[in-house]
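Topology and contacts: notes
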Amino acid sequence: MDWETEGKVSTDYLFSPARGHMLGVLLARDASGSPHILKAFSGQYDGRWVIPGWVPPCLDPAAWEDVKQQWDKSLSSAEANRQCLEAYFNLYRFSAIDGSVLTLRTLFPQAMPPVGTGDCCAPKLLSYCFSQGWLPVSMAECFYGRDNASGTRIHKECYPPCQERCRPLIKGMLGIDVVYADDAVVVVDKPAGLLSVPGIGEEKQDCVEKRVTRLFPLSIVQPSVHRLDMDTSGLLVYGLTRLSQSGLSRQFAEGKIHKQYIAVVDGILKEKGGTINLAIRQDREHRPYQVIDPVGGKQAVTDWENLGVFDLSPGRVVTRVRFTPHTGRTHQLRVHSRYGLGIPIVGDRLYGTRAEGERLMLHASFLSFVHPATHQVMEFTSPAPF
């Protein structure tokens, strides 16, 4: 198993009734550019949390043993089990790219994370990488040993990090949710509340573009080719090279990039769908508002489809809508919903109302473009988080 030293770790365990393990390798570079190779195994290896030469777990093994002993003594009490499980999850610490340390509770604020969260290879590799102040370059995980019982893990096959446990951890540690990346482009799933590009003032410098260039240090300084409103979530593509950035920008200008959005509008729509064609311009006296202006505005066209009516809360009936914009005006979908459909998008603080704790229910759910280097059509989807 460990061919770099003296082969002290037997692989027999991987072909025993316990079956195989996920193994991971990460290439990282330090501030001087020197490479470092990290390796990890998922969970425990034959009852061991720590093996010399492999990255350590994201928890203190001694503290884990203490919690386990308490857990073993309280199997008859459901409440005690819950408390022990909470104590177990509180042991995990994950180093992030910005130097902060995250916990499972900060990464899973609404619900208890799945059992085993934090024990997979990818979080262990990235956490150790960031704890050393290094940047990741590439990573791979494969299953080694006897196939698992369900047949979902096959000997010597590579697999991506799992969606349920690893993805929330990875996007928390990276600061962005990377959907796809290569040498030319990166596609991310932007959360609501984060700027796409820097704004004016020190407090508005944190944005997706800055996080992308931090994670991809070979990127050009300004890889942005389009943006989403701060309150909108969803898919964004960035060009990491001058050639890819200009190529993607050209596709946007020529209307060759296709996008779709999912929204929830604050009322009942009876029509099945249609097209909104209302020209938009900036309200110069009340920025950043946009207004409808058939004479002085720029053409803005949006197709919409009624996806169904439902109760958002008691007494509040709303409609789920799919928007397909054919132009890219500022606040186009928000303005077209308010004045074209006659009702605003839920949580729109500019063109409607927003209750405390409510978000703008607008999400960029589909993105399609031609890869500027390979010329292949790339399509990405992201389910709306509401």
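Residues numbered from 1 in each chain as written. Predicted model: local features only at pLDDT ≥ 70, side-chain atom pairs only at ≥ 80, totals over all residues. Heavy atoms only, no water.

**Considerations on helix 6 (residues 208-215)**
The buried count for helix 6 comes to six of eight residues, which makes it a mostly enclosed element. Taken together, the buried positions of helix 6 are occupied by Val208, Glu209, Arg211, Val212, Thr213 and Leu215. Elements in contact with the buried residues of helix 6: strand 5 (135-144), helix 5 (166-174), strand 6 (177-181), strand 7 (185-190) and strand 8 (233-239). (Buried < 20%, exposed > 50% of the residue type's maximum accessible area, 1.4 Å probe, protein only. Helix = DSSP H or I, 4+ residues; strand = E, 2+ residues; numbered from the N terminus. Contact = heavy atoms within 4.5 Å.)

**Focus: the pairing of strand 8**
Most of strand 8 sits out of view: seven of its seven residues are buried. Alignment of strand 7 against strand 8, held across six bridges, turns out to be antiparallel. Across the sheet, residue Asp189 finds its bridge partner in strand 8, namely Leu235. Inspection of the sheet shows strand 8 paired to strand 15 (residues 362-370) by two bridges, in the parallel sense. Of the residues in strand 15, the one forming a bridge with Gly234 is Ala364. (Pairing = 2+ DSSP bridges.)

**Focus: a nonpolar patch on the surface**
A cluster of nonpolar side chains, contributed by Ile268, Val309 and Val317, occupies part of the molecular surface with about 230 Å² of accessible area. Looking at Ile268, the relative accessible area reads 54%, which means it is exposed. (Patch = residues over 30% accessible without salt bridge, like charges linked within 9 Å, V, L, I, M, F, W, Y side chains within 5 Å. Areas by Shrake-Rupley, 256 points an atom, 1.4 Å probe, with all protein chains shown as cover. Salt bridge = Lys/Arg side-chain N within 4 Å of Asp/Glu carboxyl O.)

**Some thoughts on the packing of aromatic side chains**
Applying the stated rule across the entire model yields twelve aromatic pairs. With 6.4 Å between their ring centres and 75° between their planes, Tyr128 and Trp134 make a pair best called edge-to-face. Relative to Tyr351, the ring of Tyr289 lies with its centre 5.8 Å away and its plane at 85°, an arrangement referred to as edge-to-face. Remark: Tyr351 occurs in the loop between helix 8 (332-341) and strand 15 and Tyr289 occurs in the loop between strand 11 (280-282) and strand 12 (290-292); sequence separation between them is 62 residues. Using a relative accessible area of 30% as the deciding quantity, one classes Tyr289 as partly exposed. Residue class for Tyr351 comes out buried when judged on its relative accessible area of 6%. Joined through ring pairs, the aromatic side chains of Tyr13, Phe41, Tyr45 and Trp54 make up one cluster. When the ring centre of Tyr159 is taken as origin, the NZ or CZ atom of Arg153, which lies over that ring, is 4.3 Å away. (Phe/Tyr/Trp six-rings, centres within 6.5 Å; stacked < 30°, edge-to-face > 60°. Lys NZ or Arg CZ within 6 Å of the ring centre and 35° of its normal.)

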